[in-house]
Amino acid sequence: MNRYYLWVYFAFGFPGNIVSFLTILHMKPFSSPTIYVAALALVDNSCLVFKMLFFLLTKYDAPLGDAGCGTISFLGSFTAQLANWLLVAMTLERCLAICLPLRLHLNISRCSPGLTSPKFPWRVLYGLNISNCITSLIIHPLNRQVWFWVDAIFYAILPDLLLIIMNSLIIRGIRRSAQIQQELTGKACQAAETMKQQKQITVMLVIVCLVFVILITPHALFYAISSHWTYAQGTHEHALYLFVNQLIFVLSDATHAVNFYLYFFSTRRFRKRCLETIFYCCFCCRFSRANGSMTSRRRNRKYY
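The shown structure was predicted, so the numbers you read here are calculated from the model rather than taken from an experiment.

### Here's the deal with the UniProt feature "transmembrane region" (unreviewed entry) in the chain
With numbering matched to this structure, UniProt assigns "transmembrane region" (unreviewed entry) to residues 6-25, 37-57, 148-171, 203-226 and 238-264. Along residues 37-57, the helical share is 100% and the strand share 0%, with 30 Å between the first and last C-alpha atoms. Along residues 203-226, the helical share is 100% and the strand share 0%, with 35 Å between the first and last C-alpha atoms.

This is the structure:
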């Protein structure tokens, strides 16, 4: 699994995230959810690149030194955590938009704009990983144990719990949000159209979060029980530990490669824009080739 699974994720996830980003560029006007989706696509691709780079460098025993090893570890850990917390921030923004009245939501956004901004998780996670990168040269069991639990909490455990809680609130608040928006607008057709768009975004987000929880929960549970898992070297219990450890990474790393396919099959608007973007790019490519061939023929005739 360790030898092949990253290649599969990279082959499917990297072009999918690129198509997601290009599709978002054609979905105007830009809104907060679309900006989050675009940022998540870029961070997911960065995480796949750094994971693949780390795999290849360690496979061929590249002499990186302490600085190079620390940099690669920092980039891989930082982008993986940032992708998870961008999803948390996007869910928080949706939760506030659905579960609270419009005026109350605006007041909360004005009082604490950083909580629903991508800059907030970026700064916190950057500080945590930089501190770990600086102290990584201090070889001490306590240092490793502290960072083990910090990584466990910020990568898997805390995002998992927050997404479960906020998505439960989102599902409960959908009916209430429909009634509130209809009362605020006073126009049934306009409220229905607004609710239709909000429902598509919410359904997409709930599906993405549900898949994320399914894939990341085994990782969070493994963090909790791994310190109590005792085994002797070379035994069957040791082999089982290594297998489970590899399996949870296969599941958790899939979160960086499946989002495009979840967007495509869960949201009609995204699917329509995605197909238009693909056809547009193919048409431009064919037109540029045809135009280039015509230009070269004209140049040849002029030369002769």
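### Focus: the pattern of salt bridges
In total, this model carries three salt bridges according to the counting rule given. Asp-253 serves as the salt-bridge partner of Lys-51, at 3.1 Å between the closest nitrogen and oxygen. Remark: Asp-253 occurs in helix H8 (residues 236-253) and Lys-51 occurs in helix H2 (residues 32-59); sequence separation between them is 202 residues. Residue Lys-51 shares its accessibility class with Asp-253, and that shared class is buried. Ionic pairing is found between Arg-94 and Glu-93, a salt bridge with its closest N-O pair at 3.6 Å.

### A closer look at the packing of helix H1 (residues 5-25) against helix H9 (residues 259-266)
Look at H1 against H9: their axes get within 8 Å of each other, and the N-to-C directions meet at 55 degrees. Considering their axes alone, H1 and H9 lie oblique with respect to each other. Contacts from Phe-12, Gly-16, Asn-17, Val-19 and Ser-20 of H1 reach H9 at Phe-260, Tyr-261 and Tyr-263. Grouping the amino acids of the contact of H1 with H9 by side-chain chemistry returns five nonpolar, three polar and no charged.

### Overview of the side chain of Ser-266
Structurally, the position occupied by Ser-266 is in helix H9. Of the polar contacts made by the side chain of Ser-266, one reaches the backbone oxygen of Leu-262; its length is 2.5 Å. In this structure Ser-266 touches Val-203, Met-204, Ile-207 and Arg-271, once residues within four positions along its chain are discounted.

### Examining the packing of aromatic side chains
Counted under the stated rule, the structure contains 13 aromatic pairs. With a centroid separation of 6.4 Å and an interplanar angle of 65 degrees, the aromatic rings of Phe-222 and Trp-229 are classed as edge-to-face. A residue is classified by how much of its surface remains accessible, and Phe-222, at 7% relative accessible area, is buried. Pairing Phe-260 with Tyr-261 gives two aromatic rings, centres 5.0 Å apart and planes at 75 degrees, and the pair type is edge-to-face.

### What about the nonpolar core?
With 45 residues, the main nonpolar core has Leu-87, Leu-163, Tyr-263 and Phe-270 as its most contacted residues. Once residues lying within four places of it in the same chain are set aside, the contact partners of Tyr-263 are Ser-20, Val-37, Leu-40, Met-204, Val-208 and Phe-270. Residues Tyr-5, Leu-6, Tyr-9 and Val-250 belong to the second largest nonpolar core, which totals ten residues.

### Structural notes on a nonpolar patch on the surface
A grouping of Ile-18, Leu-22, Leu-25, Phe-30 and Ile-35 is seen on the molecular surface, where their side chains present a nonpolar patch of about 410 Å² in accessible area. A total of three residues in the nonpolar patch trace back to one element, the largest contributor, which is H1. For Phe-30, the location among the structural elements is in the loop between H1 and H2.

Cut-offs applied
Residues numbered from 1 in each chain as written. Predicted model: local features only at pLDDT ≥ 70, side-chain atom pairs only at ≥ 80, totals over all residues. Heavy atoms only, no water. UniProt positions renumbered as here; feature names shortened; annotations may be inferred. Helix = DSSP H or I, 4+ residues; strand = E, 2+ residues; numbered from the N terminus. Salt bridge = Lys/Arg side-chain N within 4 Å of Asp/Glu carboxyl O. Buried < 20%, exposed > 50% of the residue type's maximum accessible area, 1.4 Å probe, protein only. Axes fitted to C-alpha atoms, helices over the stretch in contact; angles between N-to-C directions. Parallel < 35°, antiparallel > 145°, perpendicular 65-115°, else oblique. Contact = heavy atoms within 4.5 Å. Nonpolar A, V, L, I, M, F, W, Y, C, P; charged D, E, K, R; others polar. Polar contact = N/O pair within 3.5 Å; in protein donor to acceptor, adjacent residues only side chain to side chain. Phe/Tyr/Trp six-rings, centres within 6.5 Å; stacked < 30°, edge-to-face > 60°. Core = buried A, V, L, I, M, F, W, Y, C linked by side-chain atoms within 4.5 Å. Patch = residues over 30% accessible without salt bridge, like charges linked within 9 Å, V, L, I, M, F, W, Y side chains within 5 Å. Areas by Shrake-Rupley, 256 points an atom, 1.4 Å probe, with all protein chains shown as cover.

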